[in-house]
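# Commentary on secondary and tertiary structure
Letter by letter, the chains look like this.
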Amino acid sequence: MSFILEPLQYAFMVRGLLAAVMVGIICAVMGTYVVLRGMAFLGDAMAHAILPGVAIAYLLKGNLLVGALIAAAVVALSIGFFSRGGVVKEDTAIGVLFAAALSLGVALISTIQTYAVDLTHILFGNVLGVSASDLWLTVGLGFFVLLMVAVHYKQFLVISFDPVLAATLRLPAELLRNLLLLLLALTVVISLQTVGVGLSAAMLVTPAATAYLLTRRLFPMMLISAAIGAASSLVGLYLSFYLNIVSGSAIVLTATAFFLLAFLFNPRRGVLRMRKI
Amino acid sequence: MNNSFPHDPARLDVENISVAYNETPVLREVSFQIPHGARVAVVGPNGAGKSTLFKALVGLLPLREGRIFIHGKPLGHHLDCVAYIPQREEVDWRFPVSIRDVVMMGRYGRLKWLERPSRGDRAIVMKSLEQMGIANLANQSINDLSSGQQQRVFLARALAQEPHIFLMDEPFTGVDATTQAATLDLLDHLRSKQVTVLISTHDLNLAASRFDSILLLNRRLIAFGSPAEVLRQEHLAQAFGSSMLVTEAGTLLVDECCPPD
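Rules and cut-offs
Residues numbered from 1 in each chain as written. Chains lettered and ligands numbered in written order. Predicted model: local features only at pLDDT ≥ 70, side-chain atom pairs only at ≥ 80, totals over all residues. Helix = DSSP H or I, 4+ residues; strand = E, 2+ residues; numbered from the N terminus. Buried ≥ 20, exposed ≤ 12 C-beta atoms within 10 Å, placed from the backbone. Contact = placed C-beta atoms within 7 Å. Rg over C-alpha atoms; globule rule 2.2 N^0.38 Å. Domains from an automatic or database assignment. Nonpolar A, V, L, I, M, F, W, Y, C, P; charged D, E, K, R; others polar. Pairing = 2+ DSSP bridges. Axes fitted to C-alpha atoms, helices over the stretch in contact; angles between N-to-C directions. Parallel < 35°, antiparallel > 145°, perpendicular 65-115°, else oblique. Left-handed = near helix turned anticlockwise from the far one by under 90°. Core = buried A, V, L, I, M, F, W, Y, C linked by C-beta atoms within 7 Å.

Looking only at helices and strands, one finds eight helices and 12 strands in chain B. Burial status across chain B gives 41% buried among its 261 residues. In chain B, the share of contacts with a sequence separation of at least 24, taken over all contacts with a separation of at least 6, comes to 69%.

Attention now moves to the overall build of chain A. On a plain count of helices and strands, chain A comes out with 14 helices and zero strands. Helices and strands in chain A line up, N terminus first, as α-α-α-α-α-α-α-α-α-α-α-α-α-α. Expected size for 277 residues packed as a compact globule is a radius of gyration near 19 Å; at 19 Å, chain A falls within 12% of this value. The principal-axis extent of the C-alpha atoms belonging to chain A is close to 55 × 45 × 35 Å. A buried classification covers 48% of the 277 residues belonging to chain A. The contacts in chain A between residues at least 6 apart in sequence include a share of 71% that link residues at least 24 apart.

Another point: unusual backbone geometry. The backbone of N244 of chain A sits at a positive phi, close to 60 degrees, despite the residue not being glycine. Within the secondary structure, N244 of chain A is located in the loop between α13 (218-243) and α14 (247-265).

Looking at the secondary structure, you find V66 of chain A in helix α5 (residues 64-83). Residues V66 of chain A and V188 of chain A lie 122 residues apart in sequence; the distance between their C-alpha atoms is 12 Å.

Taken across its eight residues, helix α1 (residues 50-57) of chain B has eight buried, putting it largely inside the fold. Positive backbone phi, approximately 85 degrees, marks G59 of chain B, located one or two places after α1 of chain B.

Residue and element names in this part refer to chain B. Once the domains are mapped, chain B shows domain 1 (1-78 + 164-231) and domain 2 (95-162). At six residues, helix α5 (residues 177-192) tops the list of elements feeding residues into the side of domain 1 that touches domain 2. Taken together, the residues that form the side of domain 1 that touches domain 2 break down as five nonpolar, five polar and one charged.

The extent of an interface is frequently quoted as the accessible surface area lost upon association of the parts. Across the contact, 18 residues belong to chain A and 21 residues belong to chain B. No other element matches helix α10 (residues 163-168) of chain A, which puts four residues into the side of chain A that touches chain B.

With that out of the way, let us pick up the pairing of strand β9 (residues 213-217) of chain B. Residue and element names in this part refer to chain B. Counting buried residues in β9 gives five out of five residues, a clear majority hidden from the surface. Residues S213, L215 and L217 of β9 are buried on one face, and the alternating residues I214 and L216, pointing to the opposite face, are buried as well. Relative to β9, strand β3 (residues 39-43) is paired through four bridges, and the arrangement is parallel. Bridge pairing in β9 links V40 to S213. One ladder, built from four bridges, connects β9 with strand β10 (residues 221-225); its direction is antiparallel. The residue bridging I214 from the neighbouring strand is G225, located in β10. Taking the residues between adjacent antiparallel strands as the criterion, β9 and β10 are bridged by three residues, where R219 takes a positive phi near 70 degrees.

A few words on the packing of helix α4 (residues 51-59) of chain A against helix α6 (residues 90-109) of chain A. Residues and elements named next belong to chain A. Running from N to C, α4 and α6 point in directions that differ by 20 degrees, and their axes come no closer than 7 Å. In terms of their interaxial angle, α4 and α6 are classed as roughly parallel. Crossing geometry of α4 relative to α6 is assigned as left-handed. Contacts between α4 and α6 involve L51, P52, V54, A55, I56 and L59 on the former and, on the latter, A101, L102, L104, G105, L108 and I109. Grouping the amino acids of the contact of α4 with α6 by side-chain chemistry returns 11 nonpolar, one polar and no charged.

Residue and element names in this part refer to chain A. With eight of nine residues buried, helix α9 (residues 153-161) lies mostly within the body of the structure. All of the buried residues in α9 are K154, Q155, F156, L157, V158, I159, S160 and F161. Looking at the buried side of α9, the elements it contacts are α2 (11-36), α10, α11 (173-191) and α13.

On to the sheet that holds strand β8 (residues 196-200) of chain B. All names here are of chain B. Ordered by their spatial adjacency, six strands build an open sheet running β6-β7-β8-β3-β9-β10, and the pairing between neighbours is mixed. Strands at the two margins of the open sheet, each flanked by one partner only, are β6 (82-85) and β10. The mean inter-strand angle of the sheet, taken between neighbouring strand axes irrespective of direction, is 15 degrees. As defined by bridge partners, β3 adjoins β8 across four bridges and the pair is classed as parallel. Following the sheet pairing, R39 is matched in β8 by V197. Across the sheet, helix α8 (residues 233-240) lies against β9 and β10, angled at about 140 degrees from β10, the strand it touches most.

So, on to the nonpolar core. One finds M46, A49, I50, A72 and V189 of chain A together with L167 of chain B to be the most contacted residues of the largest nonpolar core, which totals 166 residues. Two domains each provide a minimum of three residues to this core, namely domain 1 (1-78 + 164-231) and domain 2 (95-162) of chain B. If we skip the residues at most four places from it in the chain, A49 of chain A touches A71, A72, V75, L97, F98 and A101 of chain A.

This brings us to the packing of α5 of chain A against α11 of chain A. All names here are of chain A. The geometry of α5 relative to α11 is characterised by a closest axis approach of 9 Å and an angle of 145 degrees between their N-to-C directions. In the packing of α5 onto α11, the handedness of the crossing is right-handed. Taking contact as the criterion, the partners of L65, A68, L69, A72, A73 and A76 in α5 are, on α11, L181, A185, V188 and V189. The class makeup of the residues in the contact of α5 with α11 is 10 nonpolar, no polar and no charged.

To continue, consider the environment of E65 of chain B. Residues and elements named next belong to chain B. Considering the arrangement of structural elements, one finds E65 in strand β4 (residues 63-70). With 50 residues separating them along the chain, E65 and E15 place their C-alpha atoms 8.9 Å apart. Ignoring any residue separated from it by four or fewer positions in sequence, one finds E65 in contact with N16, I17 and S18.

In this section: the environment of V54 of chain A. All names here are of chain A. With respect to the helices, strands and loops of the structure, V54 is situated in helix α4. On a C-alpha basis, the gap between V54 and I70 in space is 9.2 Å, while along the polypeptide they are 16 residues apart. Residues within four places of V54 in sequence aside, it is in contact with L64, G67, A68, G105 and I122.

Structure follows, in C-alpha cells:
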C-alpha cells in the first residue's frame, strides 16, 4: 500500500499523475482516428513541428502551450498549402516540413545556455514539472477534445469509413477533416507536458493499435484505448518514480508492453493463431 | 429528345450538363428527364461516362455546365434523397464496425447533429438487412465478407436511406448468383415503393428485359427511351462503334467486356 501511496505525498507527483492520465486518455481516443485513418505519420510530424513554437515561446518567456498551438496551426495549414493541387504529395510535404520545423526548433533552443536540459524536457516531457495552471489548461483542452469527439462521433465515423457516403449525405467533409486535424494538433500540444514532442506519436498510436487488436467495434475500441492510455500513464509514472527513469519513456514503454501482450495473446488474432489478412 | 413519359412530372431533370475530371470533359451536354418511379438502365461502352454521370448526380463531381433538378429543386436541396452504390466500394473492410453499424450509417443523413438512432431507425435498418438476406449477419464485423455479401451490405444501407432515387453502378458485374437475385428482387421492391432507379450495366439483355427505359451513353447522350426505341442498329453503332458486329440474320453482337482493372 505504501508502495502506491508514497509518491502521492508530493503535490507535484499528484499533479503529474492527473495530467498524465488525462493526456493518456485524450491521446488514446484521438489515436483511434489516427490508427483507422492512417494518420500516424501526420501525428508524429505535427508533434515535431510544434518544436519551434515551443522554443520561441520559451525564448520570449511566453506560455509554451500557446506557442505550441500556434506552431501546430501553421504547420497544418502549410501542409495543405504545399500539397494543394497535387504539386507535392501530402506525405512528402509532411516529411519536408516536419524535418524543417524540427531543425528550426533545435536551432532556436541551442541558443539557450542551459539548452541540454530544456531540450530534454521539451523532447521527452517533464511531467513532474506540471504546474497547477498547466494542469487546468490540460484538463480544459482535454475535455474540449473529448466533447468535440462526442458531438461529431457519427460524422467522424462516416468520413473515416466511407467518404463517398459522406459526400452523398452532404456532410461538410472538408470542414470535418480540418476539425479532426485541429483536434489532433490540440492533443499533441497537451501531450507535450507528459511525453514530450518525441514520444507523443507513440501515445497516439500504441494504445489505439492495442485496442484494435482486441475489439471489432469503434466505440469499444475507443474505451479500451482510453483505458490502456490511462493505465500506461499511471503505471509508467510509478515506474519512473521508483526506477528513476524519464517519465515519458516509462509511459510509452508501458503502453508498448500492453501492445505486445495483446499482439501475442489476444484470443482472435494472436500470433499463436494463423493470422487472416 | 425521346421522352417515353411525357405527361408525368419529371423527378429527375438533367439539363445540358457537362462533367470533367480535369481539362477534357467526360460527359458533354447531356440532357434527360426521368419520371417518378421509373427504372432506367444506363448503357454504353467502357469510358462512356456512366460512372461519371452517377457521380455528378450525387454531387461527387462538380458540373462544368448545366443543372440538375430533383423534384424541381436544384441538386443538394434534398439532403438525403439520393442513394448511390459505387461500382467498387473503396472502404477499409477491416474498419471496426459491424454490418448493422454500416447499414445504420444510411440513417445518419436524417439524424440531427447529436441525435442517436431511434427505435424507428433501428427497425428500418433491420428491415433493410432482412430485405437483402443478411439479417443473420447483423452483428458480425465487416471483415471476412464475400464480395457479394459486401455488395448486399451496401444495398441494405442504400435501402435504409429511404431514397427517392437509387443509383447503382454495375451491380451485376462480378457478384455471385445469390446477390444478383437479391439485387433483382430489390428492383421490384423499389418499384413497389415508387423509387426511381438508375443502374449502369454491360448486360444489354438485362437492360432490354428488366427496365422501362434505356439511357444510351457515349460521352454524350445517344438515345433515351424504351428498350425497343433505343436498341437499334444506328444507335448502337454510334455508341459502340467498331466493337459491334451485325450478322446477316440481323443479330447485333456487341463485344464489350467487363471494365479492365
